[in-house]
Amino acid sequence: MFFHDQNFHIRPLDTRKDMLVVADLIEICFGSQLDPDGAAYLEHVRKAALDQRLVRWSYAAGEMISYPLNGYVCEKDGQVVGNLSIIPFYWKREWYYLIANVAVHPDFRQQGIAHSMTAKALEHLYRLPIRAVWLHVREDNLPARHLYDTFQFRERYMRDTWISSEMTANLDRPVPGVLIEPPRREDWPSQLKWFSTLYPSDVVWNLDFDANQHRPGILAGLLHLFRDEKPLQWNVRIDGKFSGAGILKKSYTYADQVFLALPPDDGNEKVITTLLPFIQKNYSPNRKLMVNFPSRTAEKAFRQSGCDLVSRLIWMEIRMN
Ligand SMILES: CC(C)(COP(=O)(O)OP(=O)(O)OC[C@H]1O[C@@H](n2cnc3c(N)ncnc32)[C@H](O)[C@@H]1OP(=O)(O)O)[C@@H](O)C(=O)NCCC(=O)NCCS
């Protein structure tokens, strides 16, 4: 699809002048879908727009920074009506690229703007030495899914985000036969296997989670020491059998993250319903907990832990040759 109106003009985002208008556009387009992190992100973008030092620095750093300041905007008659961000992530010596914030002002939709911005971004990304480009799209966002399908983005994962509620801490109580204890070395091989299944390598860069750093032993001890943080991980035994584990990662965003290691079959419900309330009450009492998990998995257990489903996202990838 091409522009129906030749007065549209796509150009690279200019961090020195576009940030405020782009923040407004994202707010208009994503409005009700914005979670507190999204709102905080916009706040951050607006602050950055007003802080010329940060803008100058990011401008000079160009693309090799993990800061969402790259991408394209679409202008009509000097007014920005579309935006697409390109967000680079550096993870384990590799760059990953995420297309995000694809937004077209409601008055200018279905005129080929998103299509043209995506084409422009991919044209640029194809020139970089990268293996793949990713994006996340809500399962119920059919127009956007259609758009990405036309570019041959392929669905790789579907991930749910669960957020704890006020109820979660109140659900913490002893359950007969269930023991929550510090990690044991002998449990680690199963734990790592379960983590790797629930958080595959193509997912963890985006969540900034490296299970290996939590292997019980000297390395984990040193890392915690350097970072001046307590190891926040627990194993769960049900009737004496190792049945699951959880790691709490404190964050600066509105929710602390919990990563769960669970065996593939059932039996994990109790791990979730005991561990999440336990962590909430004892280690994150004034904060929300957030769990990113494969979609349609253990839904009942998350709900029984007082958690709400806040998003279901399809992770799509396009391979670069
Ligand atoms: C999704 C969005 C970016 C599409 O922008 P747009 O400029 O209207 O899209 P385009 O005109 O380039 O259309 C691209 C394709 O999607 C189709 N499409 C776009 N909106 C559609 C709609 N509401 N219903 C059906 N099809 C639609 C177009 O027909 C076109 O398909 P084609 O190439 O087969 O003809 C825009 O609706 C938007 O900003 N939505 C809110 C924010 C959002 O959800 N962003 C995506 C986040 S992943």
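Residues numbered from 1 in each chain as written. Predicted model: local features only at pLDDT ≥ 70, side-chain atom pairs only at ≥ 80, totals over all residues. Heavy atoms only, no water.

The sheet built from 12 strands is open, its strands ordered 1-2-3-4-5-12-6-11-10-9-8-7 with mixed pairing. A single partner strand is all that each edge strand has here, and the edge strands are strand 1 (8-12) and strand 7 (178-181). Geometrically, the sheet is characterised by an average inter-axis angle of 25 degrees between neighbouring strands, direction not taken into account. In terms of strand pairing, strand 2 (residues 70-76) meets strand 3 (residues 79-91) through 7 bridges, oriented antiparallel. Across the sheet, Tyr 72 pairs through a bridge with Leu 84, a residue of strand 3. (Pairing = 2+ DSSP bridges. Helix = DSSP H or I, 4+ residues; strand = E, 2+ residues; numbered from the N terminus. Axes fitted to C-alpha atoms, helices over the stretch in contact; angles between N-to-C directions.)

Here the focus is the site of the ligand. In the vicinity of the ligand there are 21 residues, among which Val 102, Gln 110, Gly 112, Asn 141 and His 146 approach most closely. Between the ligand and Ala 114 there is a distance of 3.0 Å, counted from an oxygen atom to a backbone nitrogen or oxygen. His 115 places a polar main-chain atom, nitrogen or oxygen, 2.8 Å from an oxygen atom of the ligand. Protein coverage of the free-state accessible area of the ligand, which is 910 Å², stands at 77%. When residues in the shell around the ligand are grouped by element, the largest group, 5 residues, is from helix 5 (residues 142-150). Within the shell around the ligand, the residues separate by chemical class into 13 nonpolar, 7 polar and 1 charged. (Near = heavy atom within 4 Å. Polar contact = N/O pair within 3.5 Å; in protein donor to acceptor, adjacent residues only side chain to side chain. Areas by Shrake-Rupley, 256 points an atom, 1.4 Å probe, with all protein chains shown as cover. Nonpolar A, V, L, I, M, F, W, Y, C, P; charged D, E, K, R; others polar.)

Moving on, we get to the pattern of salt bridges. Using the criterion set out here, one finds 24 salt bridges in the structure. Lys 250 is the salt-bridge partner of Asp 256, the closest N and O atoms lying 3.3 Å from each other. Within the structure, one salt-bridge network assembled from shared partners comprises Glu 181, Arg 184, Glu 186, Asp 187 and Arg 237. (Salt bridge = Lys/Arg side-chain N within 4 Å of Asp/Glu carboxyl O.)

This part is about the side chain of Ser 305. Topologically, Ser 305 is positioned in the loop between helix 11 (299-304) and strand 12 (308-319). Within the structure, Ser 305 has its side chain in polar contact with the backbone oxygen of Ala 301 (distance 2.7 Å). Beyond its immediate chain neighbours, meaning those up to four positions away, Ser 305 contacts Thr 168, Leu 171, Ile 272, Thr 273, Leu 276 and Pro 277. (Contact = heavy atoms within 4.5 Å.)

Okay, the nonpolar core next. With 49 residues, the main nonpolar core has Tyr 199, Phe 209, Leu 260, Val 291, Phe 293 and Phe 302 as its most contacted residues. Ranked by residues supplied to this core, first place goes to helix 10 (residues 269-283) with 6 residues. When residues of this core are assigned to domains, at least three fall in each of domain 1 (8-130) and domain 2 (161-311). When near neighbours in sequence (up to four residues on either side) are disregarded, Phe 302 contacts Trp 162, Leu 260, Ile 272, Leu 276, Val 291, Phe 293, Thr 297 and Cys 307. (Core = buried A, V, L, I, M, F, W, Y, C linked by side-chain atoms within 4.5 Å. Buried < 20%, exposed > 50% of the residue type's maximum accessible area, 1.4 Å probe, protein only. Domains from an automatic or database assignment.)

Scored by pLDDT, the protein chain comes out at a mean of 87, with 88% of its residues at no less than 70. Within the model, the stretch residues 59-68 combines pLDDT values under 50 with 25 contacts to residues more than four positions away or in other chains. (pLDDT = per-residue confidence, 0-100.)

Bringing the environment of Lys 288 into the picture now. By the element assignment, Lys 288 lies in strand 11 (residues 288-294). The partly exposed category is assigned to Lys 288, whose relative accessible area is 28%. Note: C-alpha distance between Lys 288 and Ser 165 (123 residues apart in sequence) is 7.0 Å. Filtering out sequence-adjacent residues up to four positions away, Lys 288 remains in contact with Ile 163, Ser 164, Ser 165, Glu 166, Tyr 254, Ala 255 and Asp 256. There is a polar contact of 3.3 Å between the side chain of Lys 288 and the backbone oxygen of Ser 164.

At their nearest, the axes of helix 1 (residues 19-30) and helix 2 (residues 36-50) sit 8 Å apart, and the two run at 165 degrees to each other. In this view, helix 1 runs roughly antiparallel relative to helix 2, as classed from their interaxial angle. The two elements helix 1 and helix 2 cross, and the hand of that crossing is left-handed. Residues Met 19, Leu 20, Ala 23, Asp 24, Ile 26 and Glu 27 of helix 1 touch helix 2, and the partners they reach there are Tyr 41, Leu 42, Val 45, Arg 46, Ala 48, Ala 49 and Leu 50. For the contact of helix 1 with helix 2, the per-class residue count stands at 10 nonpolar, no polar and 3 charged. (Parallel < 35°, antiparallel > 145°, perpendicular 65-115°, else oblique. Left-handed = near helix turned anticlockwise from the far one by under 90°.)

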